[in-house]
Amino acid sequence: MQQRPDIPSEPPWLGVSSSQRSALVPPRSVARWLLVLIVVAGIYFFHDFLVPVLAAVVIGFASWPAYRALLNQLGGNRATAATVAILLILLFLIVPLFFAVTYTIDEIGQWFSWAVETNSTGAPTPSWLANLPAVGEWLDSQWTTYIGHPGAIGELVQIVSGANIGNIYRAILATGSSAFDIILTLLFMMIVLFFVYRDGEAFARQVDVLGERILPTRWERFSRVVPATIKSTVVGTTLIAIGEGIVLGSAYWIAGVPSHVTLGVLTGVMALVPGGAPLSMTLVSTYLVASGSPAAGIALFAWGALELFIVDKAIRPRLVGGPISLPFLPTFFGLIGGVKTMGFVGLFIGPVLMALFVAIWREWVREAEQDEIRSRQGE
């Protein structure tokens, strides 16, 4: 074969190329790091969609046994089963929660309107608060100091949070008017959840294949811990909290408590934290007794104590399964961190992520203890 005249015949500067050379970095390691970089880049560019995607995955994991039963009833048609499951979730979970939260936000806006007006004109101590035995006089002086005179609430808010009460009031109103964004987020979450139901098994098999490549000795245990932990956390904590909010909120309405919907929602949120629901119910019962309705307050306390006892002793042990039971501190951090990072959806996702962290931590500790035992036996 004749050489072209325009190409020089000198040897290449970097030496003769050879197909026998080995790579500096093994191709498998390059592929793993490339996968990690792609995942990180995807989270960075699509972080606005991360919250609804995580919410859809959590709901899918938690409701997967019920979905499998529905799939069997519909003859294995995944598209139909996913559609029916989405409609059931919308009917019994999303729509009631949406209306309850929207109503609560509007009512909290009214509370802030009262706070703004009281900050401008001042307000005397309520008679029921000043007439409480033993502590009434002290509460009257505290009310006069921190709430009663004009500008007192603004000074208190400035000391506690460093923000102006007017700015907080405008932020609350803006939150109440952002229903359209909430609807879009819920719509996107439902779309993702549909595909989680329809294609979840195939995607889980692919994740197992990748997981075995990345963690060949640990992935099988981790992959079993994760779904059980999510199901335990969501069903055992979140759904019970929603149920306690509905039941105790209805009891507040029957007892004649003002703003019973808002207090029911707040009780449900507090129920995510151990001891939160009993504290909320006790405070509302104390308010009824102090405000001139002792019979209603005592009846509410008795009913709430009975309901919480039944939930903690009979219902919670049946619903809470899986390998993890969160202590108070991780639950609290997961709740507060989830709300701060992800908003309302963080109430559900924060404790789940903390539960996964605790589960993986305990798995590593268990492996370390077993290795230590084997090393001692070998000696």
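Residues numbered from 1 in each chain as written. Predicted model: local features only at pLDDT ≥ 70, side-chain atom pairs only at ≥ 80, totals over all residues. Heavy atoms only, no water.

**What to know about the overall build of the chain**
Tallying secondary structure elements over the chain gives 15 helices and zero strands in all. Nonlocal contacts in the chain, meaning residues at least 24 apart in sequence, comprise 69% of its contacts between residues at least 6 apart. Accessible area for the chain stands at about 24,100 Å²; split by element, carbon and sulfur atoms hold 69% of it. (Helix = DSSP H or I, 4+ residues; strand = E, 2+ residues; numbered from the N terminus. Contact = heavy atoms within 4.5 Å. Areas by Shrake-Rupley, 256 points an atom, 1.4 Å probe, with all protein chains shown as cover.)

**Things to note about the confidence of the model for the chain**
On average, the chain scores 76 in pLDDT, and the residues at 70 or more come to 78%. Confidence, read as mean pLDDT per element, is least for helix H8 (residues 165–176) in the chain (55) and greatest for helix H3 (residues 64–73) (89). (pLDDT = per-residue confidence, 0-100.)

**A short note on unusual backbone geometry**
A positive phi angle, near 55°, is found at Ser259, a position not held by glycine. When you line up the elements, Ser259 lands in the loop between helix H10 (219–255) and helix H11 (260–270).

**Focus: the nonpolar core**
Of all hydrophobic cores here, the largest spans 21 residues; its most connected members are Ile59, Tyr67, Ile89, Met189, Met190, Leu193 and Tyr197. Of all the elements in the fold, those that place two or more residues in this core are helix H2 (50–62), H3, helix H4 (78–121) and helix H9 (179–214). Those residues in contact with Tyr67 that sit more than four places away from it in its chain are Arg78, Ala81, Ala82, Ala85, Tyr197 and Arg198. By size, the runner-up hydrophobic cluster in this structure holds 15 residues, among which are Ala251, Tyr252, Val284 and Leu300. (Core = buried A, V, L, I, M, F, W, Y, C linked by side-chain atoms within 4.5 Å. Buried < 20%, exposed > 50% of the residue type's maximum accessible area, 1.4 Å probe, protein only.)

**Topic: the packing of H4 against H11**
Following both chains from N to C, one finds H4 and H11 inclined at 110°, their axes separated by 9 Å at the closest point. Relative to H11, H4 is oriented roughly perpendicular. Like other packed secondary-structure pairs, H4 and H11 cross with a definite hand, here left-handed. Between H4 and H11, the residues in contact are Ala100, Tyr103, Thr104, Glu107, Ile108 and Trp111 and Val261, Thr262, Leu263, Val265 and Leu266, respectively. A breakdown of the residues in the contact of H4 with H11 according to their chemical character gives eight nonpolar, two polar and one charged. (Axes fitted to C-alpha atoms, helices over the stretch in contact; angles between N-to-C directions. Parallel < 35°, antiparallel > 145°, perpendicular 65-115°, else oblique. Left-handed = near helix turned anticlockwise from the far one by under 90°. Nonpolar A, V, L, I, M, F, W, Y, C, P; charged D, E, K, R; others polar.)

**Considerations on the packing of aromatic side chains**
Within the structure shown, the criterion is met by four aromatic pairs. Considering the side-chain rings of Trp64 and Tyr197, the 6.4 Å spacing of their centres and the 25° angle between planes classify their relative orientation as stacked. One end of the pair, Trp64, is in helix H3; the other, Tyr197, is in helix H9, with 133 residues separating them in the sequence. Accessibility assignment for this pair places Trp64 and Tyr197 in one class, buried. Of the aromatic side chains, those joined through ring pairs into one cluster are Trp64, Tyr67 and Tyr197. (Phe/Tyr/Trp six-rings, centres within 6.5 Å; stacked < 30°, edge-to-face > 60°.)

**What about the packing of H11 against helix H12 (residues 276–290)?**
One way to put it is that H11 packs onto H12 with a least axis distance of 7 Å and a crossing angle of 150°. Judged on the interaxial angle alone, H12 and H11 are roughly antiparallel. Viewed along their axes, H11 and H12 form a crossing whose handedness is right-handed. Where H11 approaches H12, its residues Leu263, Thr267 and Met270 are matched on the opposing element by Gly276, Ala277, Leu279, Ser280 and Val284. Taken together, the residues of the contact of H11 with H12 break down into five nonpolar, three polar and no charged.

**What about the environment of Ala299?**
If you trace the backbone, Ala299 turns up in helix H13 (residues 294–319). The spacing of Ala299 and Ala255 is 44 residues in sequence and 8.1 Å in space, taken between C-alpha atoms.

**Structural notes on H4**
Its 44 residues place the ends of H4 62 Å apart at the C-alpha level, agreeing with the 64 Å of an ideal helix rising 1.5 Å per residue. One side-chain oxygen at the N-terminal end of H4 lies 3.4 Å from the backbone nitrogen of Ala79; it belongs to Asn77. In the segment just after H4, Gly122 is the residue with positive phi, at about 85°. (Expected span 1.5 Å × (residues − 1). Polar contact = N/O pair within 3.5 Å; in protein donor to acceptor, adjacent residues only side chain to side chain.)

**Let's talk about the pattern of salt bridges**
Considering all chains together, one arrives at four salt bridges under this definition. We note a salt bridge from Arg198 to Asp199, for which the minimum N-O separation is 3.1 Å. Note on Asp199: relative accessible area 31%, which makes it partly exposed. Each of Arg68, Arg78 and Glu201 takes part in one network of salt bridges that share partners. (Salt bridge = Lys/Arg side-chain N within 4 Å of Asp/Glu carboxyl O.)

**Side note on the environment of Phe61**
Relative to the helices and strands, Phe61 is located in helix H2. Given a relative accessible area of 32%, Phe61 falls into the partly exposed group. For the pair Phe61 and Val234, spaced 173 residues apart in sequence, the C-alpha separation works out to 9.1 Å. Setting aside its immediate chain neighbours within four residues, Phe61 contacts Pro227 and Ile230.

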